[in-house]
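Below, each chain spelled out in residue letters.
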Amino acid sequence: MVPGQLTVVVQGERFVVPLTVKDVRAALPDEVRPVFDSGIDTAPPNMAGRFIRTWALEVIPRDAIDRVDVLLRAEQQAYGPGTAPA
């Protein structure tokens, strides 16, 4: 079972990365939640995972060293290396 969020440490800095639709939605600022909801409601099944990962990155501060690396580390912790869903 995938946890709702993970705490990831990247170069000594801690990030909480949400991994479920519910937790991504909750982590977003109120003003962008309607955009997220509209997008997830219309995302085709084969794009839903990518959509969630994209928005999960939005909760990580923009000045993070490498936001993609943070999400990839979170997925590896959740699923194990090389097993994260596409």
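Every residue gets a number counted from 1 within its own chain, in the order that chain's sequence is written. Only residues with pLDDT of 70 or above have their local features reported here, since the model is predicted, and side-chain atom pairs are shown and tallied only from 80 upward, although totals for entire chains, interfaces and linings are computed over all residues. By convention in this description, side-chain values take in all heavy atoms of the structure and omit both hydrogens and water.

**A word on the overall build of the chain**
For step 1, the next point in the chain: Each helix is a run of H or I in the DSSP string that is no shorter than four residues. Each strand is a run of E no shorter than two, and both are numbered from the N terminus. In terms of regular secondary structure, the chain is built from four helices and two strands.
For step 2, the next point in the chain: Residue exposure (1.4 Å probe, protein chains only): buried if accessible area is under 20% of the type maximum, exposed if over 50%, otherwise partly exposed. Relative to its 86 residues, the chain shows a buried fraction of 30%.
For step 3, the next point in the chain: Working rule for contacts: check all heavy atoms of both residues, and any pair within 4.5 Å makes them a contact. In the chain, the proportion of contacts linking residues at least 24 apart, taken out of those at least 6 apart, comes to 42%.
For step 4, the next point in the chain: Using a 1.4 Å probe, accessible areas were evaluated by the Shrake-Rupley method; residue-level cover was limited to the displayed protein chains. Working note: accessible area of the chain is about 5,500 Å², and carbon and sulfur atoms make up 55% of it.

**A few points about helix H2 (residues 33-42)**
An α-helix turns once per 3.6 residues; consequently, residues spaced three or four apart project the same way.
For step 1, the next point in the chain: Three or more residues of H2 are buried, namely Phe36, Gly39 and Ile40. In a view along the axis of H2, the buried residues occupy a sector of 95°, so they form one face of it. Facing away from the buried side of H2, by more than 90 degrees, are the exposed residues Pro34, Asp41 and Thr42.
For step 2, the next point in the chain: Those residues of H2 that are buried are in contact with helix H1 (21-27) and helix H3 (48-58). The arc in question is formed by the directions pointing from the helix axis toward the C-beta atoms.

**A short note on the pattern of salt bridges**
For step 1, the next point in the chain: Salt bridges are defined by distance alone: a side-chain nitrogen of Lys or Arg within 4 Å of a carboxyl oxygen of Asp or Glu. Inspection of every chain in the model, using the stated rule, returns two salt bridges.
For step 2, the next point in the chain: For Arg25, the salt bridge identified is with Asp37, shortest N-O distance 2.5 Å. Here Asp37 lies in helix H2 and Arg25 lies in helix H1, a separation of 12 residues in the sequence.
For step 3, the next point in the chain: Taking the shortest distance from any N to any O, the salt bridge between Arg33 and Asp30 comes out at 2.7 Å.
For step 4, the next point in the chain: The exposure class assigned to Asp30 is exposed, which follows from its relative accessible area of 56%.

**Quick notes on the confidence of the model for the chain**
For step 1, the next point in the chain: With 72% of its residues at a pLDDT of at least 70, the chain reaches an overall mean of 78.
For step 2, the next point in the chain: Residue-level confidence of the predictor is what pLDDT reports, using numbers from 0 through 100. Within the chain, H2 carries the highest mean pLDDT (95), whereas helix H4 (residues 67-79) carries the lowest (70).

**Examining the packing of aromatic side chains**
For step 1, the next point in the chain: Aromatic contacts are taken between Phe, Tyr and Trp rings whose centres are within 6.5 Å, Trp giving its six-membered ring; a plane angle under 30 degrees counts as stacked, one over 60 as edge-to-face, and the others as tilted. Taken as a whole, this structure holds three aromatic pairs when the rule is applied.
For step 2, the next point in the chain: Both rings, one in Phe51 and one in Trp55, keep their centres 6.1 Å apart while their planes meet at 45°; by these two values the pair is tilted. Within this pair, Phe51 and its partner Trp55 are both found in helix H3, separated by four residues, close to a single helical turn. Grouping residues by exposure puts Phe51 and Trp55 together as buried.
For step 3, the next point in the chain: Put simply, the rings of Phe36, Phe51 and Trp55 pair up and form one aromatic cluster.

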